[in-house]
Amino acid sequence: RKEVEQDPGPFNVPEGATVAFNCTYSNSASQSFFWYRQDCRKEPKLLMSVYSSGNEDGRFTAQLNRASQYISLLIRDSKLSDSATYLCVVNLNTGGFKTIFGAGTRLFVKA
Amino acid sequence: SAVISQKPSRDICQRGTSLTIQCQVDSQVTMMFWYRQQPGQSLTLIATANQGSEATYESGFVIDKFPISRPNLTFSTLTVSNMSPEDSSIYLCSVVYRGEQYFGPGTRLTVT
C-alpha cells in the first residue's frame, strides 16, 4: 500500500465547476499536510497547508481528518488556469524532515 | 521565499557517462534535498544533502551511483554516475526555508 494515495485522474471539468480531490495517508506519525500544484514541465509549488480545523484560501478549501487519515481539496468555480496536477503531501514526524508525495491527480478545466 | 536555480536545465547523455547537476539557493538553508520524478510519477526522495558531512540516502539509492556534495549552505551538486536509460528522469533540488519547502525548476535528463 502506498504511503500517500490520491484519487486516480484525470478529472475533466467545465469552467465554473466544483471539483474535489481526496487523499489518504497510512502513517499515523504524519505531522503536517499540504497540497502542492505542479504545472506541466514545471516544479511543484505549495498551494496550501492543511490544518485540522480546515482552511480556506479564496476558491480553495482544504480539510484534514486525522482519525480517518484523510485529506481533501475542494476547488470552487474552476478556472482554465486551475488545470494542473495536484499533489497531496505529508510530512512525517521522524525527528528529521521527511515529506511523502502522492502520485498526483491531474485536473483539466475546459471552456 | 527561497529561489532555487539548477544547471543544466536539461541534457541528453550516453549510457555509461556521468552528469553533475548543480543547485544554487539565494538564501542560506540547513535542509536541502534531491528528488527524482520519472514520467507520470510523483517525486521520490533520493537523499538529504548535509552541509559538511556525507549525504543521507533513501532506500534504493546509494552514494556510488548518486554522489552528492554540499560545500556550503547555498549550494549542492548531485552526480548521476554510470548512467543507464533507466536514469532518464527529472531531478529536482529542494530546500526548506522558514518552514516551507521549495523546489528548483528541475533538470530533465535523457539517457540514450
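A brief report on the enclosed structure follows.

Definitions and limits used
- Residues numbered from 1 in each chain as written.
- Chains lettered and ligands numbered in written order.
- Predicted model: local features only at pLDDT ≥ 70, side-chain atom pairs only at ≥ 80, totals over all residues.
- Heavy atoms only, no water.
- Helix = DSSP H or I, 4+ residues; strand = E, 2+ residues; numbered from the N terminus.
- Rg over C-alpha atoms; globule rule 2.2 N^0.38 Å.
- Buried < 20%, exposed > 50% of the residue type's maximum accessible area, 1.4 Å probe, protein only.
- Areas by Shrake-Rupley, 256 points an atom, 1.4 Å probe, with all protein chains shown as cover.
- Lys, Arg positive; Asp, Glu negative; His and termini not counted.
- Charge placed at Lys NZ, Arg CZ, Asp CG, Glu CD.
- Pairing = 2+ DSSP bridges.
- Axes fitted to C-alpha atoms, helices over the stretch in contact; angles between N-to-C directions.
- Contact = heavy atoms within 4.5 Å.
- Salt bridge = Lys/Arg side-chain N within 4 Å of Asp/Glu carboxyl O.
- Polar contact = N/O pair within 3.5 Å; in protein donor to acceptor, adjacent residues only side chain to side chain.
- Nonpolar A, V, L, I, M, F, W, Y, C, P; charged D, E, K, R; others polar.
- Phe/Tyr/Trp six-rings, centres within 6.5 Å; stacked < 30°, edge-to-face > 60°.

1. Remarks on the overall build of chain B
Logical step 1: Across its full length, chain B carries zero helices and eleven strands.
Logical step 2: In chain B, the succession of helices and strands from N to C terminus is β-β-β-β-β-β-β-β-β-β-β.
Logical step 3: On C-alpha atoms alone, chain B measures out to a radius of gyration of 13 Å, which is about the 13 Å that the 2.2 N^0.38 rule sets for 112 residues.
Logical step 4: Referenced to the eigenvectors of the C-alpha coordinate spread, the extents of chain B come out at roughly 40 × 25 × 20 Å.
Logical step 5: Within chain B, the fraction of its 112 residues that count as buried is 52%.
Logical step 6: A total accessible area of about 5,400 Å² is found for chain B, and carbon and sulfur atoms account for 46% of it.
Logical step 7: Positive and negative charge centroids in chain B, built from 8 and 8 side chains respectively, lie 6 Å apart.

2. Concerning the sheet that holds strand β8 (residues 75-80) of chain B
All names here are of chain B.
Logical step 1: The antiparallel open sheet is built from four strands, whose spatial order is β1-β3-β8-β7. With one partner strand each, in any of the chains shown, β1 (4-7) and β7 (68-72) form the two edges of the open sheet. Sheet twist, expressed as the mean angle between neighbouring strand axes with direction ignored, is 15°.
Logical step 2: As judged from the four bridges shared by β1 and strand β3 (residues 19-25), these two strands associate in the antiparallel manner. Across the sheet, Ile4 pairs through a bridge with Val25, a residue of β3.

3. Concerning the interface of chain A and chain B
Accessible area lost when the parts come together is the quantity often used to give the size of an interface.
Logical step 1: Taken together, the contact between chain A and chain B spans 13 residues of the former and 16 residues of the latter.
Logical step 2: At the junction of chain A and chain B, the tally comes to one salt bridge.
Logical step 3: Between Glu58 of chain B and Lys98 of chain A there is a salt bridge, with the nearest N and O atoms lying 3.1 Å from each other.
Logical step 4: The tally of links from chain A across to chain B stands at six residue pairs in polar contact (both at pLDDT 80 or more).
Logical step 5: Tallying contributions element by element places strand β10 (residues 97-101) of chain A first for the side of chain A that touches chain B, with four residues.
Logical step 6: Considering only residue class, the side of chain A that touches chain B consists of seven nonpolar, three polar and three charged.

4. With respect to the packing of aromatic side chains
Logical step 1: Enumeration over the complete set of coordinates arrives at 13 aromatic pairs over all chains.
Logical step 2: Centre to centre, the rings of Tyr25 of chain A and Phe33 of chain A are 4.8 Å apart; their planes meet at 40°, and the pair counts as tilted.
Logical step 3: Of the residues examined, Tyr25 of chain A reaches a relative accessible area of 3% and is grouped as buried.
Logical step 4: Judged by relative accessible area, Phe33 of chain A falls into the buried class, the value being 1%.
Logical step 5: Ring centres of Tyr36 of chain A and Phe103 of chain B lie 5.9 Å apart, and the angle between their planes is 85°; on these two criteria the pair is classed as edge-to-face. On the criterion of chain membership, the pair formed by Tyr36 of chain A in strand β4 (residues 30-38) and Phe103 of chain B in strand β10 (residues 100-103) is interchain, its members lying in two chains.
Logical step 6: For Tyr36 of chain A, a relative accessible area of 2% gives the class buried.

5. Focus: the pattern of salt bridges
Logical step 1: As enumerated under the stated definition, the model contains six salt bridges over all chains in all.
Logical step 2: Put simply, Asp39 of chain A and Arg37 of chain A hold a salt bridge, and the shortest N to O gap is 2.8 Å.

6. A closer look at the sheet that holds strand β1 (residues 4-6) of chain A
Residue and element names in this part refer to chain A.
Logical step 1: Spatially, the five strands line up as an open sheet ordered β1-β3-β8-β7-β6, and their pairing is antiparallel. Two strands bound the open sheet, and with one partner strand each, they are β1 and β6 (55-57). Strand-to-strand, the axes of this sheet are offset by a mean angle of 15°, without reference to chain direction.
Logical step 2: The pairing of β6 with strand β7 (residues 60-65) spans three bridges and is antiparallel. Residue pairing across strands places Glu56 opposite Thr61, the latter belonging to β7.

7. Some details on the pairing of β10 of chain B
Residue and element names in this part refer to chain B.
Logical step 1: In this sheet, β10 lies alongside strand β9 (residues 89-97) in antiparallel orientation, the contact comprising four bridges. Residue pairing across strands places Ser94 opposite Phe103, the latter belonging to β10.
Logical step 2: Between the antiparallel neighbours β9 and β10 lie two residues, among them Arg98 with a positive phi of about 50°.

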